[in-house]
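Spelled out from the first residue to the last, the chains are:
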Amino acid sequence: MAGGDRVELEVEGFAHRGLGLARHAGQVVFVFGAIPGERVLARVTRVRARHAFADTEEVLRASPDRVEPRCPVFGRCGGCQLQHISAPRQLRLKQEVVVAALRRVGVDVGGARLDARAADAPYGYRWRGEFHRAPGPAGPGLGFTERHGYRRLAVDACPIHHPAINRALPALAAALAEGDAPEEGPDAGGVRTLHLTLGERGEELLVDPRPTGAAGPALVARAAPRLPEGPRLTAESTGLAYGRLWARVHPESFIQVNQLTLPALYETVAGWVEELTPVTAHLVDAYSGIGVLSCRLAEGGRRVTALEVNPVAARLARLHADLNGVADRVAVRAGPVERLLPGVPVPDLVVVDPPRSGLAPAVTGWLALEGPARVVYISCDPAALARDAHLLVALGPYRLDRLTIVDMFPQTYHVETLALLVRG
């Protein structure tokens, strides 16, 4: 088997990153655009020593879960991997990926309560996106990196992004092109990417040009007249609401991009905390970001120590605790979690929501040696979760009590996982 060959494949399973799993002549083949149970004709794109990659070109036997992709550039664009799979099957496949990752490292999943929460909407859910300048048929546009290679692909709209973001794309692309003209000055000439965040209940769009952020005000001024029906454009900050809580968001602030499905994530955490700890409990929210979850956990009367390495996010977390009336119950400490955590009195429960890379080794070590009775782990990467659970559960003092999959990112292989670890 060599690159460019066309091969018939029986798709046996599903792998992380949204690829079907097949075998050909004893070699594992990861197949884009295939569903377990299908037979496909695929073209080999890459061959490695122990495995190969292929793209589906023809479906010889289709799964009942196969659907028509909504995006005209699906397969070319590198943003989505699962638009050919029905939403219910996507959720089941993601749960299988997470469970398989844990079992591979020796974590006992059999005794855990498993649950899966579907997204509120399979499309139009992203409130934040990063759009690159790209050549288009009618001139410079905005879009994404192609799946194969590094070329940019311009799009008129992206179906997984909120409609308000899509409405703004043509105006922003035109404003960028106008800024390239010499008579307009150099403010937009160095802009390669627009980082967009929707706020104020979908009525305001925060525009952050990168790497030349100073171009933001001029770009907004040129684009705003092209959007008479909104959203409003700003280059400074915007606001997001979560239940009764309110937060101010800057371009560098981390937010969950799926604001519609966010309650499925946060309310599950809050429900576990309220069920398992007394109202007098002391909680730690590690990797707390701008403090929205900290404020939510403090609403019930519990004391929360929020730990955050980003100094801007930590300042915003203090502001949000004050503005939302829980400053007396939320203490924010700025610095690396691995440095701050050993100095905090052992809490009743720790919530960890680390970046995609997972927990710092020192955090994993502290939890294993001195950690509380319960840990809630919020993970956005099954491999990182499995690595940390191997140390905390398979080799450590915890057991996996509950595992909940939340489909925060439909049409893509990404998934959010909640794991409740109980010491004993």
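Quick caveat: nothing in here was measured; it's all calculated off a predicted structure.

Comments concerning the overall build of the chain
Working step 1: Counting secondary structure elements, the chain contains nine helices and 22 strands.
Working step 2: With respect to the principal axes defined by its C-alpha atoms, the chain has extents near 60 × 60 × 35 Å.
Working step 3: Taking all 424 residues of the chain together, the buried fraction comes to 56%.
Working step 4: Counting only contacts in the chain whose residues sit at least 6 apart along the sequence, the fraction spanning at least 24 positions is 63%.
Working step 5: Split by element, the accessible area of the chain, about 18000 Å² in all, is 53% carbon and sulfur.
Working step 6: Here the chain contributes 48 positively and 46 negatively charged side chains, and the mean placements of these two sets differ by 4 Å.

Concerning the sheet that holds strand β4 (residues 27-32)
Working step 1: Strand order in this open sheet of six strands is β1-β5-β6-β4-β3-β2, and the pairing throughout is mixed. The open sheet has two free edges, formed respectively by β1 (6-10) and β2 (13-15), since each of these has just one partner strand. The sheet shows a mean angle of 45° between the axes of neighbouring strands, taken without regard to direction.
Working step 2: In this structure, β4 lies alongside strand β6 (residues 51-61), joined through five bridges in parallel fashion. Paired with Phe30 across the bridge in β6 is Phe53.

Things to note about the confidence of the model for the chain
Working step 1: Confidence in the prediction for the chain averages 95 pLDDT; 98% of positions are at 70 or higher.
Working step 2: Contacts from residues 182-188, a stretch scored under 50 in pLDDT, to residues over four places away or in other chains number 15 contacts.

Some remarks on a nonpolar patch on the surface
Working step 1: On the surface, Trp246, Leu319 and Leu323 cluster together into a nonpolar patch covering about 260 Å² of accessible area.
Working step 2: Residue position: Leu323 is located in helix α6 (residues 311-323).
Working step 3: In this structure Leu323 comes out as partly exposed when scored by relative accessible area, which is 48%.

A look at the pairing of β6
Along a regular strand, successive side chains alternate from one face of the sheet to the other.
Working step 1: Direction of pairing for strand β5 (residues 39-47) relative to β6: antiparallel, over a ladder of eight bridges. Bridged to Val44 within β6 is Ala54.
Working step 2: Joining the antiparallel neighbours β5 and β6 is a turn of three residues.

Looking at the packing of helix α1 (residues 87-104) against helix α9 (residues 382-394)
Working step 1: Viewed as axis vectors pointing N to C, α1 and α9 meet at an angle of 30°, and their least axial separation amounts to 8 Å. On the basis of their axis angle, the class for α1 and α9 is roughly parallel. As for the relative orientation of α1 and α9, their crossing is right-handed in sense. When α1 is examined against α9, the residues Val97, Val98, Ala101 and Leu102 are found in contact with a partner set consisting of Pro382, Leu385, Ala386 and Ala389.
Working step 2: Residues that form the contact of α1 with α9 fall into these classes: eight nonpolar, no polar and no charged.

Observations regarding the packing of aromatic side chains
Working step 1: Tallying each qualifying case throughout the model produces four aromatic pairs.
Working step 2: Plain terms: the ring middles of Phe32 and Phe74 are 5.7 Å apart, the flat faces sit at 35° to each other, and that makes the pair tilted. Note that Phe32 is positioned in strand β4 and Phe74 in the loop between β6 and α1, a separation of 42 residues in sequence. Residue Phe32 shares its accessibility class with Phe74, and that shared class is buried.
Working step 3: We note Arg147 situated over the ring of Phe32; from NZ or CZ to the ring centre the distance is 3.7 Å.

What about the state of the cysteines?
Working step 1: For the structure shown, the criterion picks out zero disulfides.
Working step 2: Between Cys80, a free cysteine, and Cys158, which holds the nearest cysteine sulfur, the sulfur-to-sulfur gap is 5.8 Å.

Side note on the nonpolar core
Working step 1: The biggest cluster of nonpolar side chains holds 85 residues, and the ones touching the most others in it are Leu172, Leu194, Leu196, Leu205, Val207, Val269 and Leu297.
Working step 2: Per-element tally for this core: the top contributor is helix α2 (residues 163-179), with nine residues.
Working step 3: In this structure Leu194 touches Gly129, Glu130, Phe131, Leu142, Leu172, Leu176, Val207, Asp208, Pro209 and Leu219, once residues within four positions along its chain are discounted.
Working step 4: Leu340, Val363, Leu392 and Leu421 belong to the second-largest nonpolar core, a separate cluster that totals 37 residues.

With respect to α9
Working step 1: Here α9 is 13 residues long, yet its end C-alpha atoms lie only 16 Å apart, well below the 18 Å a rise of 1.5 Å per residue gives.
Working step 2: At Asp388, α9 shows its largest bend, some 30°.
Working step 3: For α9, every residue scored as buried is listed here: Pro382, Ala384, Leu385, Ala386, Asp388, Ala389, Leu392 and Val393.
Working step 4: The inward-facing, buried residues of α9 abut α1, α8 (361-370), β20 (374-379), β21 (398-406) and β22 (416-423).
Working step 5: Here α9 starts with a cap whose side-chain oxygen sits 3.2 Å from the backbone nitrogen of Ala383, and that cap is Asp381.

Cut-offs applied
- Residues numbered from 1 in each chain as written.
- Predicted model: local features only at pLDDT ≥ 70, side-chain atom pairs only at ≥ 80, totals over all residues.
- Heavy atoms only, no water.
- Helix = DSSP H or I, 4+ residues; strand = E, 2+ residues; numbered from the N terminus.
- Buried < 20%, exposed > 50% of the residue type's maximum accessible area, 1.4 Å probe, protein only.
- Contact = heavy atoms within 4.5 Å.
- Areas by Shrake-Rupley, 256 points an atom, 1.4 Å probe, with all protein chains shown as cover.
- Lys, Arg positive; Asp, Glu negative; His and termini not counted.
- Charge placed at Lys NZ, Arg CZ, Asp CG, Glu CD.
- Pairing = 2+ DSSP bridges.
- Axes fitted to C-alpha atoms, helices over the stretch in contact; angles between N-to-C directions.
- pLDDT = per-residue confidence, 0-100.
- Patch = residues over 30% accessible without salt bridge, like charges linked within 9 Å, V, L, I, M, F, W, Y side chains within 5 Å.
- Salt bridge = Lys/Arg side-chain N within 4 Å of Asp/Glu carboxyl O.
- Parallel < 35°, antiparallel > 145°, perpendicular 65-115°, else oblique.
- Left-handed = near helix turned anticlockwise from the far one by under 90°.
- Nonpolar A, V, L, I, M, F, W, Y, C, P; charged D, E, K, R; others polar.
- Phe/Tyr/Trp six-rings, centres within 6.5 Å; stacked < 30°, edge-to-face > 60°.
- Lys NZ or Arg CZ within 6 Å of the ring centre and 35° of its normal.
- Disulfide = S-S within 2.5 Å.
- Core = buried A, V, L, I, M, F, W, Y, C linked by side-chain atoms within 4.5 Å.
- Expected span 1.5 Å × (residues − 1).
- Bend = angle between axes of the 7 residues up to and from the residue.
- Polar contact = N/O pair within 3.5 Å; in protein donor to acceptor, adjacent residues only side chain to side chain.

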